[in-house]
Amino acid sequence: MKSSLRSRQEPRRVSNGVIIGAMLLSLCVLSIVKARYCATPFAGGKAEDQLQEQMNNSIRMETDESPARTPGEEEDEEEEVASAAPAVPTPPAVVAAAARTGGGKKKKGKPTCYMTSKRSERCDASGDIRVDGNRSTIYVSGIDKEWKTKPYARYHDPVAMAVVREYTLKPLGAAAPACTKNHSVPGFLFSNGGFSGNLYHDYTDVLVPLFISTHQFKGEVQFLLSALKPWWVAKFTPFFRQLTNYDVIDVDNDREVHCFPRIVAGATFHKDMGVDPARSPGHVSVVDFKRALRRAFGLERAAASRGGATGRGKPRLLIISRRSSRRFLNEREMAAAAAAMGFDVRVAEPDQHTDMATFARLVNSADVMIGVHGAGLTNMVFLPRGAVLVQVVPFGGLEWLTRVTFKDPAKDMEVSYMDYNVQLEESSLIDQYPRNHQVLTDPYAVHKQGWDALKAAYLDKQNIRMDLDRFRATLREALSRLP
């Protein structure tokens, strides 16, 4: 009887198992279909917002075309407050003990190298440090594994990082070279590879992160610069003098083995052209960064005025000119219209060969600065407090791009910001495409094709003929904002 009962139950168990298996298989198939065809790259929000978030991670001001990039995944990590290292090297045994216990002010368990944001990595070690820059190697006592790093704050961008030299931190062993030059201050390694040479990237990727990471050393830090360009160093030497008391070392080509009590590799990124006071050592802000620039370049003017530099003259308008794409096609008419309104007008075009100190003084003399979106607007760092920045936004739905690069940073820099959104009738694109072309009728569809398509259509091929009535109205509002 029992044998008969079991024989009747066996098919039922098999049938139940088949049903359960089929259900699980169906769930798996549905999950795959949903992930492939239904999921969006960002949770919640409108499609436009999701696209803009993707594009924000592709923003760059360089001119060479290259593929769009995928944003990094790492979350922002609070930057620890670094202090100057002691004048004498820490014994290796102490360093090893510190590494096991978290060491001084370091967070417990923090590795030698760690991401400080999705765009920046920091390596920090103390003890017997030997830098053999010619071999891109740093020997460190107290570590038991190798670490590799690229000291440039654009980790989310493989195009930029592909041209940044990699350094290896190795455990100090018998094969380590002997010191040929000893230093009593910490060494700080950074790079001006990547997109350096473009003014926007000079500040966003190098100079602002460098300020965040080294101002607290109060000059007692030795800069080690990888991919050093002599003209670039000469351009920013006055600013470096605000952060270090020592000449910058061309670490890639130096034949010395430099020994330090501490090494820090990689500057910390907070945000485009900006500083987060809550995360910065000493809670400094971008206003403190601007003060350092003013000291570096001898800028005496602190505040803008309707009466100009003297307070009793004309307000000065600086028009940032461009010679390639995004040019003002009626620049002379713009200057004449502004002069007729009572402005003291200057027109200037900065480039790589522009003397930084001279141009900084010109910008600092301006009460209103206007220019089409581009690296030249980075010079707003030299504007006096209360000045007005007018960013001319090219046609093509680029408000999100111009917001991230200059609109948001301007507020923190104590600069009054205005948009001038170019209408189709003011754009040269109207002469390049039929009126029913997608570039003119549906910019968002072009955006969805990626950064390269957007850049080619709206940044590389567009020039601007300003509507003079709109231009005058913009200047009147700018004048009303001046203190």
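Let me sum up the structure you'll find in this document. On a predicted model such as this, the values are computed, not experimentally measured, just so you know.

Observations concerning the packing of aromatic side chains
- Applying the stated criterion across every chain, the model contains 14 aromatic pairs.
- Ring centres of Phe239 and Phe289 lie 5.4 Å apart, and the angle between their planes is 70°; on these two criteria the pair is classed as edge-to-face. Residue Phe239 is found in helix α6 (residues 230-240), and its partner Phe289 is found in helix α7 (residues 286-297); the two are separated by 50 residues along the sequence.
- Looking at Phe289, the relative accessible area reads 0%, which means it is buried.
- An aromatic cluster is defined as three or more aromatic residues linked by ring pairs; in this entry it consists of Phe188, Phe190, Tyr203, Phe211, Phe223, Trp232, Phe236, Phe239, Phe240 and Phe289.

Section: helix α10 (residues 399-412)
- The end-to-end C-alpha separation of α10 is 19 Å, in line with the 20 Å expected for 14 residues at 1.5 Å each.
- Residue Thr405 marks the point of greatest curvature in α10, where the axis turns by about 35°; the proline Pro409 follows within four residues.
- Every buried residue of α10 is accounted for by Trp400, Leu401, Thr402, Val404, Thr405, Phe406, Pro409 and Ala410.
- Just past α10, the residue Glu414 takes up positive phi, approximately 65°.

Quick look at the environment of Thr237
- Take Thr237: it is sitting in helix α6.
- The spatial distance from the C-alpha of Thr237 to the C-alpha of Phe297 is 9.9 Å, given a sequence separation of 60 residues.

Things to note about the pattern of salt bridges
- Inspection of the entire model under this criterion finds 22 salt bridges.
- When the shortest N-O distance is used, the salt bridge between Asp205 and Arg119 registers 2.9 Å. Taken together, the residues Asp205 in helix α5 (residues 199-214) and Arg119 in the loop between β1 (113-117) and β2 (120-132) connect sequence positions 86 residues apart.
- Of the residues examined, Arg119 reaches a relative accessible area of 6% and is grouped as buried.
- For Arg154, the salt bridge identified is with Asp205, shortest N-O distance 3.2 Å. Placement of the pair is Arg154 in the loop between β4 (147-149) and α4 (158-161) and Asp205 in helix α5, with a sequence separation of 51 residues.
- For Arg154, a relative accessible area of 1% corresponds to the buried category.
- It is possible to trace a salt-bridge network through shared partners that takes in Arg119, Arg154, Asp157, Asp205 and Asp272.

Details of the state of the cysteines
- One pass over the structure, following the stated rule, counts two disulfides.
- The residue that forms a disulfide with Cys113 is Cys123, at a sulfur-sulfur distance of 2.0 Å. Classification of the bridge connecting Cys113 and Cys123 rests on its S-S torsion, roughly 115°, and on that basis the disulfide is right-handed. Within this pair, whereas Cys113 is found in strand β1, its partner Cys123 is found in strand β2, the two being separated by 10 residues in sequence.
- For Cys123, a relative accessible area of 1% puts it in the buried group.
- Sequence-ordered numbering of the bonded cysteines in the protein chain gives a disulfide pattern of 1-2, 3-4.

Side note on the sheet that holds strand β12 (residues 344-348)
- Reading across from one edge, β12-β11-β13-β14-β15 is the order of the five strands in this open sheet, with parallel pairing throughout. Strands with a single pairing partner mark the edges of an open sheet, and in this sheet they are β12 and β15 (416-421). Within the sheet, the average angular offset between the axes of one strand and its neighbour, ignoring direction, is 20°.
- Inspection of the sheet shows strand β11 (residues 316-320) paired to strand β13 (residues 368-372) by three bridges, in the parallel sense. Note on β13: the bridge partner recorded for Leu318 is Met369.
- The sheet contacts of helix α9 (residues 356-364) involve β11, β12 and β13, and relative to β11 the element is tilted by about 130°.

Looking at empty space enclosed by the protein
- With the rule as written, the count across this model stands at one cavity of 30 Å³ or more.
- The calculated volume of the largest cavity comes to roughly 40 Å³.
- Lining the largest cavity are Pro151, Tyr152, Ala153, Phe190, Ser191, Asp205, Val206 and Ala267.
- Taken together, the elements giving at least two residues each to the lining of the largest cavity come down to β7 (187-191) and α5.
- Split into classes, the residues belonging to the lining of the largest cavity amount to six nonpolar, one polar and one charged.

Definitions and cut-offs
- Residues numbered from 1 in each chain as written.
- Predicted model: local features only at pLDDT ≥ 70, side-chain atom pairs only at ≥ 80, totals over all residues.
- Heavy atoms only, no water.
- Phe/Tyr/Trp six-rings, centres within 6.5 Å; stacked < 30°, edge-to-face > 60°.
- Helix = DSSP H or I, 4+ residues; strand = E, 2+ residues; numbered from the N terminus.
- Buried < 20%, exposed > 50% of the residue type's maximum accessible area, 1.4 Å probe, protein only.
- Expected span 1.5 Å × (residues − 1).
- Bend = angle between axes of the 7 residues up to and from the residue.
- Salt bridge = Lys/Arg side-chain N within 4 Å of Asp/Glu carboxyl O.
- Disulfide = S-S within 2.5 Å.
- Pairing = 2+ DSSP bridges.
- Axes fitted to C-alpha atoms, helices over the stretch in contact; angles between N-to-C directions.
- Contact = heavy atoms within 4.5 Å.
- 1 Å grid on protein atoms, 1.4 Å probe; cavity = no way out; pocket = protein on both sides within 12 Å on 5 of 7 lines; lining within 4 Å.
- Points joined across faces, edges and corners; volume = space filled by probe spheres on them.
- Nonpolar A, V, L, I, M, F, W, Y, C, P; charged D, E, K, R; others polar.

Purely spatial values, then, with no claim about function.
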